[in-house]
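Inside the fold
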Amino acid sequence: MSTSASSKAVSAQPGTVLQILFSVAFVHLLNDCVQAVLPAVYPLLKQEFALSFTQVGLITLAFQCTASLLQPWIGLYTDKRPIPFLLPVGMCVTLAGVGLLAVAGSFTVLLLAAAMIGIGSSTFHPEASRVARLASGGRFGFAQSLFQVGGNLGSALGPLLAAAIIVGRGQGKIGWFTLFILVAVLVLVGVSRWYGSHLRNMPRKSGPQAGPGLPRDKVVKALAVLAMLVFSKYIYMASLSSYYTFYLIEKFHVAVGTAQLYLFMFLAAVALGTFAGGPIGDRIGRKRVIWVSIMGAAPFTLALPYADLFWTGVLSVIIGLVMSSAFSAIVVFAQELVPGKVGMIAGIFFGLMFGVSGIGAAAMGHIADVAGIAQVYRIASFLPLLGILAALLPKMEQARR
């Protein structure tokens, strides 16, 4: 059974299957909340294991690379042979990684734990994105945004929960987050049953999926442009999510708890912007959302390195709101460029997001070691200017009014 049949099944549905959409969004929240614990406890791990900023970046790289390298292949395979129970099974790998992180006694074991969490992520995102599309009732932007905003909310809550549960109490308290993953496994068992039943009831493939009507070379160029936009967006986002607390502590001498609060404000803004981006893209066109989201953040990123503490908080919230609205639009735009490959495209772009973030985190960590943490934000501030590449994307849709 292929995803090419999925669109017919979706169009035949009476509407959005909200229970399933909210279920995968909720699990995305739990999954990314636990993943956000990793950068949130970097100050604790840095002190506990006497890590350099480069080693902190390598921990992020271990997670991001395992998450990114496997996702496209898992998506490509499951486009042809969907595996509903891959969702809870993959989440069990995350469960093992979180448990290992709580008891790790060396830098090597920290890397292994981060890699296992990444493997769990690589099995979750392509299949969960496919489930969201199947349950969308044709509202693809809305479904992708709802799914993605669950992850963003989880990323925002992670630092707060880490501060409340772990900071000041030791590494072993990370183990409490295994309860979150156990809940996620139970929810995914129900989702996978719906998914399997839905697949059995879908009509079988009767012919090739209709494409966007573009020549192959234009589709490839458009995908390359989208990849460059993800590159600019997520290297910048990695510089904020991985090192923002260090930046605030070093530049403004704030307490760790205060820095975590500022990080929460930024990540909450990212969640809100993500939720808005998909439905707006459904209405006015995804190309416009992508253009405004990335290029529109540039004036604020350029101003951030020179702002005082108050304006640093304000600018980071604006940057989170504006820049985050692009990702759902990018994923749906790419899926429309290559119809019938929902899992592969989701795997590539979620994987690219993780991989670029990991490489960016490691590179920014090295820059911080050599030139200071403030220099990271001066260099990264120019990345959103690459948003001008959105002008090269083809027009594939009429705005819905």
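Attention now goes to unusual backbone geometry. For alanine 50, which is not a glycine, the phi torsion comes out positive at approximately 55 degrees. Looking at the secondary structure, you find alanine 50 in the loop between helix H3 (42–49) and helix H4 (53–80). Phi at histidine 253 is positive, roughly 60 degrees, even though this residue is not glycine. Relative to the assigned elements, histidine 253 resides in the loop between helix H9 (216–252) and helix H10 (256–284).

Following the criterion strictly, the structure yields one salt bridge and no others. Ionic pairing is found between arginine 130 and glutamate 127, a salt bridge with its closest N-O pair at 2.8 Å. Here arginine 130 and its partner glutamate 127 are both found in helix H6 (residues 107–134), three residues apart, which amounts to about one turn of the helix.

Looking now at the packing of aromatic side chains. On inspection of all chains with the given rule, the structure shows nine aromatic pairs. Ring plane angle 35 degrees and centroid distance 5.2 Å describe the contact between phenylalanine 177 and phenylalanine 180, whose orientation is recorded as tilted. On the basis of relative accessible area, phenylalanine 180 is assigned to the partly exposed category, the value being 23%. Centroid distance phenylalanine 310 to tryptophan 311: 5.3 Å. Interplanar angle 80 degrees. Geometry classified as edge-to-face. Judged by relative accessible area, which is 54%, phenylalanine 310 ranks as exposed. The class for tryptophan 311 is partly exposed, based on a relative accessible area of 46%. Following the ring pairs from residue to residue traces out a cluster consisting of Phe53, Tyr243 and Phe246. Over the aromatic face of phenylalanine 53 sits the side chain of lysine 46, whose NZ or CZ is 4.8 Å from the ring centroid.

Following both chains from N to C, one finds H10 and helix H11 (residues 286–295) inclined at 130 degrees, their axes separated by 7 Å at the closest point. Comparing the axis directions of H10 and H11 gives the class oblique. Mapping the contact onto sequence places Gly277, Ile280, Gly281, Asp282 and Ile284 in H10 and Arg286, Arg288 and Val289 in H11. When grouped by side-chain class, the residues that make up the contact of H10 with H11 number three nonpolar, two polar and three charged.

About the cut-offs
Here, residues in each chain are numbered from 1, in the same order as that chain's written sequence. pLDDT decides what is reported in this predicted model: residues at 70 or higher carry local features, side-chain atom pairs at 80 or more are listed and counted, and totals for whole chains, interfaces and linings draw on all residues regardless. The side-chain values count all of the structure's non-hydrogen atoms but skip hydrogen atoms and water molecules. Numbering of helices and strands runs from the N terminus, with a helix taken as a DSSP run of H or I at least four residues long and a strand as a DSSP run of E at least two residues long. A side-chain nitrogen of Lys or Arg and a carboxyl oxygen of Asp or Glu constitute a salt bridge if their distance falls within 4 Å. The aromatic pairing rule takes the rings of Phe, Tyr and Trp, using the six-membered ring of Trp, and pairs them if the centres are within 6.5 Å, calling planes under 30 degrees apart stacked, those over 60 edge-to-face and the rest tilted. Exposure is judged per residue with a 1.4 Å probe applied to protein chains only, and the accessible area is read against the type maximum: over 50% gives exposed, under 20% gives buried, and values in between give partly exposed. To sit over a ring, a charge needs its Lys NZ or Arg CZ within 6 Å of the ring centre and within 35 degrees of the ring normal. Every axis corresponds to a line fitted to the C-alpha atoms, with the helix fit spanning only the stretch in contact, and the corresponding angles, defined between N-to-C directions, vary from 0 to 180 degrees. An angle below 35 degrees is treated as roughly parallel, one above 145 as roughly antiparallel, one from 65 to 115 as roughly perpendicular, and anything else as oblique. We call two residues contacting when some pair of their heavy atoms lies within 4.5 Å. When residues are grouped by polarity, Ala, Val, Leu, Ile, Met, Phe, Trp, Tyr, Cys and Pro land in nonpolar, Asp, Glu, Lys and Arg in charged, and all others, Gly among them, in polar.

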